[in-house]
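Architecture and fold: a report
Below, each chain spelled out in residue letters.
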Amino acid sequence: MSDDKLKYPIGKFAFPSLEIAAQPAQRDLWISEIAETPAKLRAAAAGLSKAQLDTPYRPGGWTARQVLHHVPESHMNAYIRFKLGLTEHEPTVKPYDEAAWAKLADIDKVPVETSLDLLDSLHQRMVALFRTMDDAQFLRSFVHPELGKVRLDQNLALYAWHGKHHIAHVLLVGQPLLAASRL
């Protein structure tokens with residue numbers, strides 16, 4: 001399998017156009033995918049041995065353990081960005097160094113179950129928020145210093161993709177032959 005296919009097993013993300021608002025049915029699909037992420041990530045991680053948790057999903061990539069801790073960290077940042085976008089006029093959000101976070105000592109010390117539990121709770125809150133948002137709220141935006149203006153419906157699409165992207169990485173570690181046949 002090519003390095004690009006290992007790095008982006010479900011394909012690279014492409015932001016929906018700023019010119020066209022996502023339709024309610026598309027947003028509902030993304031919200032459903034986000035709602036399913038914790039259970040699917042937990043299922044992908046189920047039964048992984050310590051050796052598998054410490055195995056990178058590709059040469060030079062993160063370990064499954066790092067990925068499992070990264071997803072709730074990233075989604076916490078997303079949740080805060082949604083809240084900022086809903087309560088402030090085009091706030092500038094702060095990026096963070098994901099790779100540096102993945103190397104911090106807590107990644108090896110905290111059981112992945114803790115992060116999976118965090119993801120469960122976080123996604124309950126996220127999905128509840130998304131299901132209360134109206135069309136106008138999904139058109140609100142924030143400014144990311146590296147990405148520029150990001151509308152909330154675009155961010156919804158990103159995080160629906162992000163969960164599936166990392167579930168595929170964990171599957172590559174836990175069930176490489178099965179995952180390769182699905183990709």
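Up top is the structure.
Residues numbered from 1 in each chain as written. Predicted model: local features only at pLDDT ≥ 70, side-chain atom pairs only at ≥ 80, totals over all residues. Heavy atoms only, no water.

A word on the side chain of N77
Within the fold, N77 resides in helix 4 (residues 64-87). Residue class for N77 comes out buried when judged on its relative accessible area of 17%. In this view, N77 contacts Y96 and W101; residues no more than four positions away in its chain are not counted. (Helix = DSSP H or I, 4+ residues; strand = E, 2+ residues; numbered from the N terminus. Buried < 20%, exposed > 50% of the residue type's maximum accessible area, 1.4 Å probe, protein only. Contact = heavy atoms within 4.5 Å.)

Details of the packing of aromatic side chains
If you walk through the whole model with that rule in mind, you get four aromatic pairs. The interplanar angle of 85° and the centroid separation of 4.9 Å between the aromatic rings of F13 and F15 together place this pair among those described as edge-to-face. Note on F13 and W161: the rings are 5.6 Å apart at their centroids and 45° apart in plane angle, and the pair reads as tilted. Of the two residues, F13 sits in the loop between helix 1 (3-7) and helix 2 (24-45) while W161 sits in helix 9 (residues 152-174), which places them 148 residues apart along the sequence. The exposure class assigned to F13 is partly exposed, which follows from its relative accessible area of 24%. (Phe/Tyr/Trp six-rings, centres within 6.5 Å; stacked < 30°, edge-to-face > 60°.)

What about the packing of helix 4 against helix 9?
For the pair helix 4 and helix 9, the least separation of the axes is 10 Å and the interaxial angle reads 175°. Taken together, the axis directions place helix 4 and helix 9 in an arrangement best described as roughly antiparallel. In contact with A64, V67, L68, H70, V71, S74, H75, A78, R81, F82, G85 and L86 of helix 4, helix 9 contributes L152, N155, L156, Y159, H162, G163, H166, V170 and V173. Of the residues belonging to the contact of helix 4 with helix 9, the class tally is twelve nonpolar, eight polar and one charged. (Axes fitted to C-alpha atoms, helices over the stretch in contact; angles between N-to-C directions. Parallel < 35°, antiparallel > 145°, perpendicular 65-115°, else oblique. Nonpolar A, V, L, I, M, F, W, Y, C, P; charged D, E, K, R; others polar.)

Focus on the nonpolar core
One finds I34, F130, M133 and L156 to be the most contacted residues of the largest nonpolar core, which totals 25 residues. Within the residue set of this core, elements represented by two or more residues are helix 2, helix 4, helix 7 (112-132) and helix 9. Broken down by element, this core gets its largest block of residues, seven residues, from helix 9. By size, the runner-up hydrophobic cluster in this structure holds 21 residues, among which are A45, V71, V112 and L119. (Core = buried A, V, L, I, M, F, W, Y, C linked by side-chain atoms within 4.5 Å.)

Let's talk about the pattern of salt bridges
Tallied over the entire structure, the rule returns ten salt bridges. Its salt-bridge partner being E33, residue K164 comes within 3.3 Å of it at the nearest N-O pair. Residue K164 is found in helix 9, and its partner E33 is found in helix 2; the two are separated by 131 residues along the sequence. Overall, the relative accessible area of 36% leaves K164 in the partly exposed class. The buried category is assigned to E33, whose relative accessible area is 17%. Note that E36 is salt-bridged to K40, the shortest N-O span being 3.4 Å. Within this pair, E36 and its partner K40 are both found in helix 2, separated by four residues, close to a single helical turn. Overlapping salt bridges, with partners in common, bring together R42, E113, D117 and D120 in one network. (Salt bridge = Lys/Arg side-chain N within 4 Å of Asp/Glu carboxyl O.)

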